[in-house]
Amino acid sequence: MISRAPLVHHVHEPFNISSPPCRCGVNFKYWFYYLSSTGLHHFEEHLKHTIYPAYSWVGWLNVFMDVRQSKRIRPLSNYLQSYLSHRVVVKDPIAVFSAETLAKRFDMDVIVLIRHPAAIVNSYKALNWSHPFSHFLSQTELMEEHLFPFRNEIEDFAKEDYEIVDQIALLWKLIHYMILKFQKTNSHWVFVRYEDLVLDPIEGFRKIFEQVKLPFSERTQA
């Protein structure tokens, strides 16, 4: 919805490790990768040509290969749109643990969308997704700086094969523990519940657009 504003370009989940690999050779290894301020330098150029593909030869190479492999013209259309855009909206729930670092480095306005845990569990069940909790344990900085209160639980879930409902319940808890920390340290960010937007989408999105200084046009409202 935010990318419906004039001259706003949508970038889809740059932290998603199931996406085609970037031709620069730098990619994220873990789900819910934690990008700390000390580790940013290794991924900074990769993120630049992922978020702003029109300003990098690697961005063009990624698009060319995507068009060639998918035999679809849409990647090229998205690439050309990025030339005309004044702002970028990066949609990526998988980047939640890296949000603070990304916001500081790229001067981002951050919108945190919070959804009822039962809805998240339902989505994972419908898609038959599970979560590899070993990916958290492999990220030393994330465990030491943020998720240390849950180490025993995470280690248990990494070793045992729990049901999807139990897995996603723990995943939701870890993510929203981080969101609660963000609410205390980044009060200027926009925090909104999905269910509140469903109940009143027009006023809900009008408020969001005002908070991130975007025009809420009749076209967007329609």
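The structure we're discussing is the one just above.
The sections below set out a description of the structure shown in this document. (Residues numbered from 1 in each chain as written. Predicted model: local features only at pLDDT ≥ 70, side-chain atom pairs only at ≥ 80, totals over all residues. Heavy atoms only, no water.)

1. Things to note about helix α4 (residues 99-106)
Turning to α4, its buried residues number three or more, namely Ala-99, Thr-101, Leu-102, Ala-103 and Phe-106. In this structure, the buried residues of α4 make contact with α1 (40-51) and α9 (164-185). Where α4 terminates, the next one or two residues include Asp-107, which has phi positive at roughly 50 degrees. (Buried < 20%, exposed > 50% of the residue type's maximum accessible area, 1.4 Å probe, protein only. Helix = DSSP H or I, 4+ residues; strand = E, 2+ residues; numbered from the N terminus. Contact = heavy atoms within 4.5 Å.)

2. Considerations on the packing of aromatic side chains
Inspection of every chain in the model, using the stated rule, returns 16 aromatic pairs. Centre to centre, the rings of Phe-209 and Phe-216 are 5.2 Å apart; their planes meet at 80 degrees, and the pair counts as edge-to-face. Taken individually, Phe-209 and Phe-216 each receive the classification buried, so the pair is uniform in this respect. In this structure, Arg-105 is placed above the aromatic ring of Phe-106, and the distance from its NZ or CZ to the ring centre is 5.3 Å. Directly above the ring of Tyr-194 sits Arg-115, whose terminal nitrogen or CZ lies 4.4 Å from the centroid. (Phe/Tyr/Trp six-rings, centres within 6.5 Å; stacked < 30°, edge-to-face > 60°. Lys NZ or Arg CZ within 6 Å of the ring centre and 35° of its normal.)

3. Considering helix α11 (residues 201-211)
Turning to α11, its buried residues are Gly-204, Phe-205, Ile-208 and Phe-209. The buried side chains of α11 occupy one side of the element, clustering within an arc of 130 degrees when seen end-on. Away from its buried face by more than 90 degrees, α11 exposes Lys-207 and Glu-210. Looking at the buried positions of α11, the neighbouring elements they touch are β3 (111-114), β4 (190-193), α10 (194-199) and α12 (218-221). Phi for Lys-213, located one or two positions after α11, is positive at around 60 degrees. (Arc of directions from axis to C-beta.)

4. Digging into the packing of helix α7 (residues 140-147) against α9
At a closest axis distance of 12 Å, the pairing of α7 and α9 adopts a crossing angle of 60 degrees. Looking at the two axes, α7 sits oblique to α9. Packed against α7, whose contacting residues are Glu-145, His-146 and Leu-147, the element α9 presents Leu-174, Tyr-177, Met-178 and Lys-181 at the interface. Per-class residue counts for the contact of α7 with α9 are four nonpolar, one polar and two charged. (Axes fitted to C-alpha atoms, helices over the stretch in contact; angles between N-to-C directions. Parallel < 35°, antiparallel > 145°, perpendicular 65-115°, else oblique. Nonpolar A, V, L, I, M, F, W, Y, C, P; charged D, E, K, R; others polar.)

5. A short note on the environment of Tyr-30
Mapped onto the fold, Tyr-30 is located in the loop between β1 (8-12) and α1. Given the relative accessible area of 18%, Tyr-30 is considered buried. Put simply, Tyr-30 and Ile-94 are 64 residues apart on the chain and 9.9 Å apart in space, counted from C-alpha to C-alpha. When residues no more than four places from it in sequence are discounted, the contact partners of Tyr-30 are Ile-17, His-135, Ser-138 and Gln-139.

6. Let's talk about a nonpolar patch on the surface
Taken together, the side chains of Leu-113, Tyr-194 and Val-198 define a hydrophobic patch exposed on the protein surface, amounting to about 270 Å² of accessible area. Take Val-198: it is sitting in helix α10. Judged by relative accessible area, Val-198 falls into the exposed class, the value being 51%. (Patch = residues over 30% accessible without salt bridge, like charges linked within 9 Å, V, L, I, M, F, W, Y side chains within 5 Å. Areas by Shrake-Rupley, 256 points an atom, 1.4 Å probe, with all protein chains shown as cover. Salt bridge = Lys/Arg side-chain N within 4 Å of Asp/Glu carboxyl O.)

7. Focus on unusual backbone geometry
Of note, the phi angle at Asp-107 is positive, near 50 degrees, even though the residue is not glycine. You can see Asp-107 is positioned in the loop between α4 and β3. Looking at Asp-107, the relative accessible area reads 68%, which means it is exposed. In this structure, Asn-128 is a non-glycine residue whose phi angle is positive, near 55 degrees. Topologically, Asn-128 is positioned in the loop between α5 (117-127) and α6 (134-137).

8. Details of the nonpolar core
By size, the foremost hydrophobic cluster in this structure holds 43 residues, and its most contacted members are Phe-15, Phe-32, Leu-47, Phe-97, Phe-136 and Leu-147. Looking at this core, the elements with two or more residues in it are α1, α4, β3, α5, α7, α8 (151-159) and α9. For this core, the element with the highest residue contribution is α9, accounting for nine residues. The contact partners of Phe-136, leaving out residues within four places of it in the chain, are Phe-32, Phe-97, His-131, Leu-142, Met-143, Leu-147, Ile-154, Leu-171 and Leu-174. The next biggest cluster of nonpolar side chains, apart from the first, holds 13 residues, and it includes Val-190, Val-192, Leu-197 and Phe-216. (Core = buried A, V, L, I, M, F, W, Y, C linked by side-chain atoms within 4.5 Å.)

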